[in-house]
Amino acid sequence: MDFLSDMELMKEKFAKLLLGEDMSGGGTGVSSALALSNAITNLAASVFGEQWRLEPMSEERKARWRKEVDWLLSVTDHIVEFVPSQQVSGDGKSMEIMITQQRKDLRMNIPALRKLDAMLIEYLDNFKQQNEYWYVSRDADESEKGNVQRTDDKWWLPTVRVPPSGLSEASRKWIQHQKELVNQVLKAAMAINANVLMEMEIPEDYIESLPKNGRSSLGETLYKNITDEDFDAETFLASVDLSTEHKILDLKNRIEASVVIWKRKMNNKDAKSSWGSAISSAISMEKREQFEDRAETTLLILKHRFPGIPQSALDISKIQYNKDVGYSILECYSRILESLAFTVMSRIEDVLHADSVTRDQSLAGSKTRPSVAESEPIAGIATPLDPAEEIDKLNNVEANNSMTLSDFMGWQFDLDTQTKKEDEDGKLVKQPPSIVVANNKLSNVEKLETWEA
């Protein structure tokens with residue numbers, strides 16, 4: 001019975017894909033690439049959309065996600081390219097022939113994304129044994145919510161409560177450790193997504209909508225700041241109003257548009273330049289290239305600092321007009337994993353914030369919460385995250401990634417006992433690291449900070 005219902009569901013999903021979401025069959029549907037992207041996005045929204053608490057997903061939701069995302073990702077098994085191969089004939093002669101294999105970008109990135117997917121769900125599963133925090137419904141009495149009440153714009157989320165004395169030291173360190181792990185997944189997903197979007201062509205519709213020059217795109221004030229002789233990206237962002245999501249997105253759109261304008265003008269100048277015009281325009285070209293570098297640096301810092309903001313106008317346009325099915329699946333899958341990782345990070349930060357407020361009542365009612373940006377300041381010039389580098393870091397930290405709170409506490413107890421014994425024996429005792437089981441993992445995160453700087 002389950003098999004038949006699965007078969008009917010699969011037929012329905014692939015019928016929508018073949019029709020391009022145009023159920024009238026009139027041929028006015030969207031492209032296959034966009035239909036697949038929308039299908040994966042909608043599936044993720046229905047499965048992960050209400051991850052309001054820091055707790056494992058239900059088995060039903062996990063089973064549905066694994067089953068249906070496998071159906072949609074199966075398309076990538078049939079996106080192939082020709083590669084040379086050696087074939088030995090019956091008489092022992094070797095000849096070169098062309099065979100098909102899965103396209104290289106899919107062969108590299110789909111397994112990596114599946115791994116990130118599994119790791120995120122496993123990290124959520126790690127919280128099933130916790131008993132040091134709980135949630136109070138948003139409709140509960142004020143007395144039940146205590147001092148830790150939501151004062152930000154996420155009013156619909158339940159309020160986190162912790163014991164009167166706050167989380168235990170072991171629990172606090174373990175939760176912080178989980179945050180570092182999820183953060184590494186977030187970086188890897190962001191790196192893959194940014195890489196895929198960079199490979200997508202900029203649609204003509206987007207180009208036609210741009211103003212004539214970078215000054216018009218940025219506005220007079222922003223343009224003056226970026227073209228200032230003593231420009232510094234961090235100082236520039238500190239001077240801009242980034243108090244709301246809308247303002248952050250508007251700045252991102254303006255900067256991306258200016259980068260596209262400057263790049264196109266430089267390419268057009270290179271194509272049309274003669275000996276005389278090349279000499280006369282050399283200075284202006286150099287300056288434009290410098291402004292473009294500054295804008296891209298600012299854009300990178302902005303993306304790293306605010307990973308949860310909506311997609312920019314350029315990203316939306318690329319996704320909408322992209323015809324490459326492989327790119328579409330990679331972009332969509334990495335984007336929803338990035339979104340899920342950011343959601344899990346936010347739920348962890350809710351718990352840590354509740355603990356901080358409980359231990360320090362002066363923080364009660366504060367709208368300031370720890371964020372990805374605050375936990376990882378990017379100093380100086382930002383460097384784009386590299387997917388291969390981030391996956392390597394994940395491979396290095398995988399050994400301890402399934403450690404639960406009880407495992408953590410048990411390991412910590414063993415190390416404390418060993419330290420005490422060594423002290424009694426008169427041996428030199430070194431201070432254990434502040435997070436005993438996260439030593440190797442945190443060192444990888446620290447290396448990434450150095451690499452990003």
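Computed from a predicted model, the values in this text were never measured in an experiment. By convention here, each chain's residues receive numbers from 1 onward along its written sequence. Note on the predicted model: pLDDT of at least 70 is required for a residue's local features to be given, and 80 or more for side-chain atom pairs to be given and counted; whole-chain, interface and lining totals, by contrast, use all residues. Hydrogen atoms and water are omitted, and side-chain values are computed over all heavy atoms in the structure.

Chemist: Honestly, the overall build of the protein in this entry has me stumped. Any pointers?
Modeler: Only DSSP runs of H or I with at least four residues qualify as helices, and only runs of E with at least two residues qualify as strands; both kinds are numbered from the N terminus onward. Helix and strand counts for the protein come out as 19 helices and four strands. Among the 453 residues that make up the protein, the fraction classed as buried is 43%. Here a residue-residue contact requires only that any non-hydrogen atoms of the pair lie within 4.5 Å. Relative to all contacts within the protein whose residues are 6 or more apart in sequence, the contacts with residues 24 or more apart total 77%. Carbon and sulfur atoms form 52% of the exposed surface of the protein, whose accessible area is close to 24,300 Å². Partly exposed residues are those whose accessible area sits between 20% and 50% of the maximum for their type, while under 20% is buried and over 50% is exposed, using a 1.4 Å probe and protein chains only. For the accessible areas, the method is Shrake-Rupley and the probe is 1.4 Å, while residue cover comes only from the protein chains on display.

Chemist: For this particular structure, what's the right way to read the pairing of strand S1 (residues 80-88)?
Modeler: By this definition, two strands are paired if DSSP reports at least two bridges between them. Examined bridge by bridge, S1 and strand S2 (residues 94-102) share nine bridges and lie antiparallel to one another. Residue pairing for S2: Pro 84 is matched across the bridge by Met 98. Counting the residues that bridge the hairpin from S1 to S2 gives five residues, and of these Gly 92 lies at a positive phi of roughly 90°.

Chemist: Hey, could you run me through the packing of helix H4 (residues 104-125) against helix H6 (residues 169-199) in this one?
Modeler: Helix packing geometry: the angle between the two helix axes and the distance between the axes. Structural elements are reduced to axes, namely lines fitted to C-alpha atoms, with helices fitted over the stretch in contact, and the angle between N-to-C directions of any two is expressed from 0 to 180 degrees. Where H4 contacts H6, the two axes come as close as 10 Å, and the packing angle between them is 155°. On the basis of the axis angle, H4 is roughly antiparallel to H6. The two elements H4 and H6 meet at a crossing, and its hand is left-handed. In contact with Asn 109, Ala 112, Leu 113, Leu 116, Met 119, Leu 120 and Tyr 123 of H4, H6 contributes Gln 178, Leu 181, Val 182, Val 185, Ala 188, Ala 189 and Ile 192. Under this grouping Gly is polar, as are all residues other than the nonpolar Ala, Val, Leu, Ile, Met, Phe, Trp, Tyr, Cys and Pro and the charged Asp, Glu, Lys and Arg. Split into classes, the residues belonging to the contact of H4 with H6 amount to 12 nonpolar, two polar and no charged. What sets the label is the angle itself: under 35 degrees gives roughly parallel, over 145 gives roughly antiparallel, 65 to 115 gives roughly perpendicular, and the rest give oblique. Put simply, a crossing is left-handed when the front helix is turned counterclockwise from the back one by less than a right angle, and right-handed when it is turned clockwise.

Chemist: Got a minute to help me understand the pattern of salt bridges in this structure?
Modeler: Any two side chains of opposite charge can pair if their charged atoms end up close together. For salt bridges, the criterion is a side-chain nitrogen of Lys or Arg within 4 Å of an Asp or Glu carboxyl oxygen. For the coordinates displayed, the defined rule picks out 23 salt bridges. A salt bridge links Lys 62 to Asp 125; the nearest nitrogen and oxygen atoms lie 3.1 Å apart. Residue Lys 62 is located in helix H3 (residues 59-73), and its partner Asp 125 is located in helix H4; the two are separated by 63 residues in the primary sequence. Between Asp 324 and Arg 103 there is a salt bridge, and its shortest N-O distance comes to 3.0 Å. Here Asp 324 is found in the loop between helix H14 (313-321) and helix H15 (325-359), whereas its partner Arg 103 is found in the loop between S2 and H4, with 221 residues between them in sequence. Since its relative accessible area comes to 23%, Asp 324 is described here as partly exposed. Under the relative-accessibility criterion, Arg 103 is labelled buried at 16%. Each of Glu 169, Arg 172, Lys 173, Asp 355 and Arg 359 takes part in salt bridges that share partners, so that together they form one network.

Chemist: Would you mind showing me how to read the confidence of the model for the protein here?
Modeler: For residues with low pLDDT, the predicted coordinates do not support detailed interpretation. In this model, the protein carries a mean pLDDT of 80, and residues with pLDDT of at least 70 account for 75%. Across residues 370-381 the pLDDT falls below 50, and counting only partners more than four positions away or on other chains, this stretch makes 28 contacts in the model. The low-confidence segment residues 417-453 (pLDDT under 50) makes 54 contacts with residues lying over four places distant or belonging to another chain. Every residue is assigned a pLDDT by the predictor, reflecting its confidence on a scale from 0 to 100.

Chemist: I tried to follow H15 on my own but got confused; where do I start?
Modeler: Spanning 35 residues, H15 covers 51 Å between terminal C-alpha atoms, matching the ideal 51 Å at 1.5 Å per step. Counting buried residues in H15 gives 29 out of 35 residues, a clear majority hidden from the surface. Nitrogen and oxygen atoms within 3.5 Å of one another constitute a polar contact, given that in protein one can donate a hydrogen and the other can accept it, and given that sequence-neighbouring residues count only through two side-chain atoms. You can read the cap of H15 off the contacts: a side-chain oxygen lies 2.9 Å from the backbone nitrogen of Gly 326, and it is on Asp 324. To estimate the expected span of a helix, count its residues, drop one, and scale the result by 1.5 Å.

Chemist: Please explain the packing of H4 against H15 as it appears in this structure.
Modeler: Where H4 meets H15, the axes come as close as 10 Å, and the angle between the chain directions of the two elements is 20°. On the basis of their axis angle, the class for H4 and H15 is roughly parallel. Note on packing geometry: the crossing formed by H4 with H15 is left-handed. Contact with H4, carried on its side by Asp 105, Leu 106, Asn 109, Ile 110, Leu 113, Arg 114, Leu 116, Asp 117, Leu 120 and Leu 124, involves Gly 326, Tyr 327, Ile 329, Leu 330, Tyr 333, Ser 334, Leu 337, Leu 340, Ala 341 and Val 344 of H15 and no other residues of that element. Taken together, the residues that form the contact of H4 with H15 break down as 14 nonpolar, three polar and three charged.

Chemist: Mind showing me how you'd approach the nonpolar core here?
Modeler: Generally speaking, nonpolar side chains in soluble globular proteins are found buried as a group. Residues grouped as a nonpolar core are buried Ala, Val, Leu, Ile, Met, Phe, Trp, Tyr and Cys residues, joined through side-chain atoms within 4.5 Å. Counting residues in hydrophobic clusters, the biggest one holds 65 residues, and the most contacted among them are Leu 54, Trp 65, Tyr 133 and Ile 175. Of all the secondary structure elements, the ones that give two or more residues to this core are helix H2 (32-48), H3, H4, H6 and H15. When residues of this core are assigned to their parent elements, the largest contribution, 15 residues, is made by H15. Apart from the residues lying within four places of it in its own chain, the contact partners of Ile 175 are Phe 127, Tyr 133, Leu 167, Ile 348, Val 351 and Leu 352. Core analysis: the second largest hydrophobic core is formed by 21 residues, Leu 242, Trp 262, Ala 295 and Ile 309 among them.

Chemist: I would appreciate a short explanation of helix H1 (residues 2-18) in the present structure.
Modeler: Side chains of residues three or four places apart in an α-helix project in the same direction, reflecting 3.6 residues per turn. An ideal rise of 1.5 Å per residue puts 24 Å on 17 residues; H1 measures up with 24 Å between its terminal C-alpha atoms. Positioned one or two residues after H1, Gly 20 has a phi angle of 60°, which is positive.

Chemist: Where do I start with a nonpolar patch on the surface in this structure?
Modeler: A cluster of nonpolar side chains, Phe 3, Leu 4 and Met 7, forms an exposed patch at the surface whose accessible area comes to about 320 Å². On the secondary structure map, Met 7 appears in helix H1. The exposure class of Met 7 is partly exposed, given its relative accessible area of 32%. To count toward a patch, a residue needs a relative accessible area over 30% and no salt bridge; like charges are then connected within 9 Å, while nonpolar side chains (Val, Leu, Ile, Met, Phe, Trp, Tyr) are connected within 5 Å.

Chemist: So what exactly am I meant to see when it comes to the packing of aromatic side chains here?
Modeler: Any aromatic ring pair is given by two values, namely how distant the centres are and how the planes are angled relative to each other. Think of it this way: a Phe, Tyr or Trp ring, Trp meaning its six-membered ring, pairs with another when their centres are within 6.5 Å, and the plane angle makes it stacked under 30 degrees, edge-to-face over 60, tilted otherwise. Within the structure shown, the criterion is met by six aromatic pairs. Taken together, the aromatic side chains of Tyr 223, Trp 262 and Phe 291 make up a single cluster linked through ring pairs. The side chain of Arg 103 reaches across the aromatic face of Tyr 327, ending 5.3 Å from its centre. Both a distance and an angle decide whether a charge sits over a ring: NZ of Lys or CZ of Arg must be within 6 Å of the ring centre and within 35 degrees of the ring normal.

Chemist: Would you take a moment to explain the environment of Ser 346 for this structure?
Modeler: Examined against the element boundaries, Ser 346 turns out to sit in helix H15. For Ser 346, a relative accessible area of 17% translates into the label buried. Considering only alpha carbons, one finds Ser 346 and Gly 308, 38 residues apart in sequence, at a separation of 9.8 Å.

Chemist: Whenever I open this one, unusual backbone geometry confuses me. Can you help?
Modeler: Backbone geometry at Glu 21 places phi at a positive 70°, although glycine is not the residue there. Among the secondary structure elements, Glu 21 is positioned in the loop between H1 and H2.

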